[in-house]
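This is what each chain is made of:
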Amino acid sequence: MSQEKFNWQSTIKTNILMLKFVGLWPKNDEVYDGNLYSLYAMLSMNLLLNCHTFFQLVNIFHVYSHFEAFISSLVATSSEFVAMIKGICFMKNMKVMKDMMVQLRSVEMAPKTEHERNLIKTNLNLWRLMYYAFSSSCCMAITFWLSFPVLDGTVHQYRLPFTAWYPFDVQKSPVYYLTYLYQAVSISFLGVTHVNIDMFVNAVMVFIGCQCDILCHRLTHIASDNFNNNLIECIQYHKKIICLADRCNEFLKMMIVGQFFTSLASLALAMFELTVVDPRSSECFSLLFYVSTVTVQIFIYCWFGNEVEVKVRIKEI
């Protein structure tokens, strides 16, 4: 495979495909410009993510006097709220991300030899492993969350998977079943959004780390017969990596801080809720899978963020 054909974006094609599905990745290098895809993105984000989160936020004000119900509502709503914010930030910074992918496709930032491709293969394979682990964990948590009213038999009492306020009576058929379906579609959409935004952010960090590995390899194998020109190329390459990292940090730093704060708060609330629910109930299992999902989410951010930090410091030395 020649360097011109190497495509960093193709290495995360499943991630990109899922982002396209939820309306967060316009085709090619385009951004939102009033076309049909932009309309789809706006409708899906508002109807399935924003409205679902809004109904649960309103419900918090209705149950604040009931401590256990209040905590239960906060656990789900906090994650959904941060997913909504991340989705908005992702759409707002689409041009920055598309420009980053264009920069990565440049000849200068592509691996030139088979050895350089092997250098980055391990990092990319690890990212794929983390992607499928995180996706599986999230899928199991959503499955248990959606099914526990059925498993507990509370579906006959018209209990929804997520307590929420609606401007209509959900305690009768078929309104209850339609609302149940709406929550199932919305939380699945939210899960796909959550996982794939997080993993795209981590993929960008992996790419920056891979660029550091390639630069280190080129510096340690500069040909002596054309030393000055090769050194200049490495310096220019280093400037491109710094530019890429700065653009990444430009729109990710606040989003990641918000994610860490919300994830830790949700984790603490979920652990508390585990102490008050029946340990044999399906609700308990759904909380356990939720805790494992949040733990994996935090771990992935810490792992890939630390990898970039370590590689950058080594290159500075």
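Asker: How should the overall build of the protein be read in this particular structure?
Answerer: Helix and strand counts for the protein stand at eight helices and zero strands. If one aligns the C-alpha atoms of the protein with their principal axes, the spans along those axes are about 80 × 45 × 30 Å. The burial tally for the protein puts 48% of its 317 residues in the buried class. Taking the intrachain contacts of the protein between residues at least 6 apart in sequence as the baseline, contacts between residues at least 24 apart amount to 75%. Accessible surface, the protein as shown: approximately 15900 Å² in total, 67% of it carbon and sulfur. A distance of 5 Å separates the average location of the 24 positive side-chain charges in the protein from that of its 24 negative side-chain charges.

Asker: What is the right way to look at the state of the cysteines in this model?
Answerer: In a disulfide, the sulfur atoms of two cysteines are covalently bonded to one another. As enumerated under the stated definition, the model contains zero disulfides in all. Here C243 is not disulfide-linked; the sulfur of C248 is the nearest cysteine sulfur, at 12 Å. This cysteine, C302, is not joined by any disulfide, and C248 carries the nearest cysteine sulfur, 16 Å off.

Asker: Help me out: how do you make sense of the pattern of salt bridges in this one?
Answerer: A side chain of one charge can pair with a side chain of the opposite charge when the charged atoms of the two come close. Evaluation of the coordinates by the stated rule reveals six salt bridges. The residue K86 makes a salt bridge to D198 at a minimum N-O spacing of 2.4 Å. Here the residue K86 occupies a position in helix α3 (residues 67-92), and D198 occupies one in helix α6 (residues 175-220), the gap between them amounting to 112 residues. There is no split in this pair, since K86 and D198 are both buried. One salt bridge in this structure joins R117 and E114, with 3.0 Å as the shortest N-O distance. Taken together, the residues R117 and E114, both in helix α5 (residues 114-152) and three residues apart, mark about one turn of the helix.

What counts and what doesn't
- Residues numbered from 1 in each chain as written.
- Predicted model: local features only at pLDDT ≥ 70, side-chain atom pairs only at ≥ 80, totals over all residues.
- Heavy atoms only, no water.
- Helix = DSSP H or I, 4+ residues; strand = E, 2+ residues; numbered from the N terminus.
- Buried < 20%, exposed > 50% of the residue type's maximum accessible area, 1.4 Å probe, protein only.
- Contact = heavy atoms within 4.5 Å.
- Areas by Shrake-Rupley, 256 points an atom, 1.4 Å probe, with all protein chains shown as cover.
- Lys, Arg positive; Asp, Glu negative; His and termini not counted.
- Charge placed at Lys NZ, Arg CZ, Asp CG, Glu CD.
- Disulfide = S-S within 2.5 Å.
- Salt bridge = Lys/Arg side-chain N within 4 Å of Asp/Glu carboxyl O.

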